[in-house]
Amino acid sequence: MRCAVLGDPVAHSLSPVLHRAGYDAAGLDWSYEACRVPAGGLAAFVGGLDGQWRGLSVTAPLKREVLEVAGTVTDRARLAGAANTLVLGGAEILADNTDLPGAVAAVRERYDGPVSAATVLGAGATAASTGLALVELGARTVRVLARSAARAAETVAAIERHPAAPRVVVGDLASDQVVGEVVVSTIPASAQGSDLVARCAPAAVLFEVLYEPWPTPFARSAGSRPLVGGLDLLVHQAALQFELFTGQAAPLATMRAAGEQALVERAGG
């Protein structure tokens, strides 16, 4: 069977490393590659696949576009208004969002304390999924700091759809304060200026969704505080994808070790 990760850019993705390690550990003769698919190109790509294809991991800028090509959409993908997973080979193409439960698992692996409020930096599809994950963890107030309220509208609407009815507040990424026990950064490392990083100081837990470059300015500021990294999120969401694609339990430790080794090698270590 064939699987792949789709996005633009996508050559940097660690997903092939994780999934291939998982297939090898499970004794599956499956392949997994990275395919560059630009915005607007997902439907054509999926339409050209044959019966050998089983699953697709989907990253930026396609996470909201995914919903348009699926016959069945899971509740959590519909809630987030975005998906990162397509499961092929059934009567209908299934779209799912493993970022949301993956983020919950990644936080709980590093931090077992309370989450009553939280802040998300950025307003894209990953911000929506991680914002919903924070609500799952207990947050009743979520502050979304974005460059503009208009840019944050889809993300705010997604978080507000959660059955727990959280209070969602939009703030200015350039000036507003961080609130709550957890702050999640979904913005590029180049946007993590010293002032913004300093405003994250009150948070008990930092969650950086990037894994490369590493460490980012945001991650570097964690000090002794719990730090949830992009590799943590990637491994947990990939393990859930592995199970959806194969029907088998994921060898999570093996997948994580492969990702860690790949990052060391990229860094020249």
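Refer to the structure printed above.
The rules we used
Residues numbered from 1 in each chain as written. Predicted model: local features only at pLDDT ≥ 70, side-chain atom pairs only at ≥ 80, totals over all residues. Heavy atoms only, no water. Axes fitted to C-alpha atoms, helices over the stretch in contact; angles between N-to-C directions. Helix = DSSP H or I, 4+ residues; strand = E, 2+ residues; numbered from the N terminus. Parallel < 35°, antiparallel > 145°, perpendicular 65-115°, else oblique. Left-handed = near helix turned anticlockwise from the far one by under 90°. Contact = heavy atoms within 4.5 Å. Nonpolar A, V, L, I, M, F, W, Y, C, P; charged D, E, K, R; others polar. Pairing = 2+ DSSP bridges. Phe/Tyr/Trp six-rings, centres within 6.5 Å; stacked < 30°, edge-to-face > 60°. Expected span 1.5 Å × (residues − 1). Buried < 20%, exposed > 50% of the residue type's maximum accessible area, 1.4 Å probe, protein only. Arc of directions from axis to C-beta.

**Some points on the packing of helix α4 (residues 99-110) against helix α5 (residues 125-136)**
At a minimum axis distance of 8 Å, the contact between α4 and α5 shows a crossing angle of 55°. With respect to α5, the element α4 is oriented oblique. Both α4 and α5 take part in a crossing whose hand is right-handed. Contact residues: D99, L100, A103 and V104 in α4; S129, T130, L132, A133 and E136 in α5. Class assignment of the residues belonging to the contact of α4 with α5 gives a composition of 5 nonpolar, 2 polar and 2 charged.

**Some points on the sheet that holds strand β1 (residues 2-7)**
Picture the strands of a sheet paired through backbone hydrogen bonds; they go either parallel or antiparallel. The 6 strands lie next to each other as β2-β1-β3-β5-β6-β4, forming an open sheet whose pairing is mixed. Two strands lie at the open edges of the sheet, namely β2 (31-36) and β4 (72-73), each paired on one side alone. Where strand β3 (residues 53-58) meets strand β5 (residues 85-87), 3 bridges bridge the pair, whose relative direction is antiparallel. Directly across from S57, in β5, lies its bridge partner T85. Packing against the sheet, helix α1 (residues 15-26) makes contact with β1, β2 and β3, and its axis sits at approximately 165° to β2.

**A short note on the packing of aromatic side chains**
To describe a pair of aromatic rings, you give the distance between the ring centres and the angle between the ring planes. A full pass over the atoms with the stated rule returns 4 aromatic pairs. Judged by centre distance (5.4 Å) and plane angle (55°), the ring pair of Y23 and W30 falls under tilted. Grouped by ring-pair contacts, the aromatic residues Y23, W30, Y32 and F242 constitute a single cluster.

**Focus on helix α10 (residues 252-266)**
Here α10 spans 21 Å end to end across 15 residues, near enough to the 21 Å set by a 1.5 Å rise per residue. Burial in α10 covers these residues: M255, R256, A258, G259 and A262. The buried residues of α10 occupy an angular sector of 160° when the element is viewed end-on, so they sit on one face. Pointing more than 90 degrees away from the buried face of α10 are the exposed residues A253 and E265. Each element contacted by the buried residues of α10 is listed here: α1, α4 and α9 (230-246). G268 lies just past α10 and shows a positive phi near 80°.

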